[in-house]
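Observations on the three-dimensional arrangement
Each chain is listed here by its residues.
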Amino acid sequence: MDEERALYIVRAGEAGAIERVLRDYSDKMRKPRCKELKSRPRSWTYIHRATFKFESTDEDKRKRLCEGIFKVLVKDVPTTCQVSCLEVLRILSRDKKILVPVTTKENMQILLKLAKLHESDDSLEKVSEFPVIVESLKCLCNIVFNSQMAQQLSLELNLAAKLCNLLRKCKDRKFINDIKCFDLRLLFLLSLLHTDIRSQLRYELQGLPLLTQILESAFSIKWTDEYESAIDHNGPPLSPQETDCAIEALKALFNVTVDSWKVHKESDSHQFRVMAAVLRHCLLIVGPTEDKTEELHSNAVNLLSNVPVSCLDVLICPLTHGETPQEAATLDELPGDKTTEKDTALKSNTMVYNGMNMEAVHVLLSFMEKRIDKGSSYREGLTPVLSLLTECSRAHRNIRKFLKDQVLPPLRDVTNRPEVGSTVRNKLVRLMTHVDLGVKQIAAEFLFVLCKERVDSLLKYTGYGNAAGLLAARGLLAGGRGDNWYSEDEDTDTEEYKNAKPNINLITGHLEEPMPNPIDEMTEEQKEYEAMKLVNMLDKLSRRADVKDLHQDGG
């Protein structure tokens, strides 16, 4: 069944025949890719989702087929026929070349009506229409992404406002997650492609509270306080649909808040704190798979980077009423050498430091270490979380002290170089000499902030050689401290470090055995000979300096 036959049936206009021929056409497209699934004719949409290349010889036929499909969609045909038409249109719309003649205002309005984005559509009561809505949104995603004309028409048709209206209709309806997911994806695409839409979403359409509520619904959040939610560590993971919906909402929120560096109004501050509290909840739950959990947390980290740093205090919170300091695993009270006890504490899901729950910060730290261990894509994957932890540490004392305890615990064994080993400190010190300038700068900055921007403290943990780049850039090669103010509490050195300190090489940052003094093994004659050599060398240097001065005077 080729394009000519499909086009002929579509033009004939009989709904049952159109549905059959389009199914056969899509079946024919999938068979070369997945022969083993011939017995599953209705699974072609899942299988064919990776098809993006088409034969150029059939381009004109595909254009005419698209035009024919739009003519069918305006007619009163059964829902199953609409779905079949939209499924084929979705696949064909991946080809940018065929979209030029079919991307018109009339055709866009047809898809908007089918997706319940028309102003006259007030409810989502007919479950039978949901597949049509989902497929229409998928088609719109492809067309908007691949067609500049569609992007302009989206502005003209005020598509962003229509999408927000659809979200309000379904934000509390769990059984229409697919509609929410593709609505959010289209909203993300629009806000990515048009900076004007970001501003419209933020202020005119109240996108920040709307999208935050979508996240609350996806996570089923129950608030215990203004900025605290109940966390069930033994609860089930998010479903795949809830996870996908949350990821799309996080991406859309990122675009909406990308320019939010300062908070000017109290209402803005409150809304950002609510969003940060939702993101804290996001960090403490898991998705259906490890990969999905990492993707979810990665998008949460990216969005947290847009939150004003003054609002990130909600990432930590006091112990809940059901907890007591004795019941909680308080990491700052555990000696560094008691690794078994510390591992047990890390698994207890209650990270407490100075009476504050640090679970979310610990998740961020673990996420950072996983990204370091990957060993690739540091700029895209690692720098956002490192930058976030750096700013949190600079602005919030408890977060900095907790991270200092985890990343730079009191030194005990200094026999190895700071960059040698498998601890978080060792991994970060290795990044201080990374070939990527941005990566090594943010890694060094993070450690510098943990050391309260004191040069002597930084050198103790990294060695002068690893820190030289940062110190040179800040004009601190001679010592001192940075420009930011920190509390004056002093670091306490362990007895092991105090005993080893006189023999630590300041350049390499590790303990070196004292070098033997070569003079001790010399005879008196050898010592006299070496002394005369030194005198002669100094004399030659002195003469050269005198000659240089004469030349300068003569000039």
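Residues numbered from 1 in each chain as written. Predicted model: local features only at pLDDT ≥ 70, side-chain atom pairs only at ≥ 80, totals over all residues. Heavy atoms only, no water.

Where an unreviewed UniProt entry is consulted, the protein chain appears under the name Synembryn, with the organism given as Cricetulus griseus.

**Description of the overall build of the protein chain**
Assigned secondary structure in the protein chain consists of 27 helices and eight strands. Pairs at least 24 apart in sequence give 71% of the contacts found in the protein chain among residues at least 6 apart. Element-wise, carbon and sulfur atoms account for 51% of the exposed surface of the protein chain, whose accessible area totals about 28,600 Å². (Helix = DSSP H or I, 4+ residues; strand = E, 2+ residues; numbered from the N terminus. Contact = heavy atoms within 4.5 Å. Areas by Shrake-Rupley, 256 points an atom, 1.4 Å probe, with all protein chains shown as cover.)

**Quick notes on empty space enclosed by the protein**
Applying the stated criterion across every chain, the model contains two cavities of 30 Å³ or more. Taken as a whole, the largest cavity encloses approximately 50 Å³ of empty space. What lines the largest cavity is simply Phe70, Leu89, Leu99, Val102, Thr103, Thr104, Asn107, Met108, Leu111 and Ile143. Elements with a contribution of two residues or more to the lining of the largest cavity: α6 (99-102) and α7 (105-114). A per-element tally of the lining of the largest cavity places α7 first, with three residues. Partitioning the lining of the largest cavity into residue classes produces seven nonpolar, three polar and no charged. (1 Å grid on protein atoms, 1.4 Å probe; cavity = no way out; pocket = protein on both sides within 12 Å on 5 of 7 lines; lining within 4 Å. Points joined across faces, edges and corners; volume = space filled by probe spheres on them. Nonpolar A, V, L, I, M, F, W, Y, C, P; charged D, E, K, R; others polar.)

**Remarks on the packing of aromatic side chains**
Enumeration over the complete set of coordinates arrives at one aromatic pair. Sitting above the plane of the Phe188 ring, Lys251 keeps its charged end 4.9 Å from the centroid. (Phe/Tyr/Trp six-rings, centres within 6.5 Å; stacked < 30°, edge-to-face > 60°. Lys NZ or Arg CZ within 6 Å of the ring centre and 35° of its normal.)

**Remarks on unusual backbone geometry**
Positioned with a positive phi, Lys116 is a non-glycine residue whose angle comes to about 60°. By the element assignment, Lys116 lies in the loop between α7 and α8 (130-146). Unusually for a residue other than glycine, Ser220 sits at a positive phi of about 55°.

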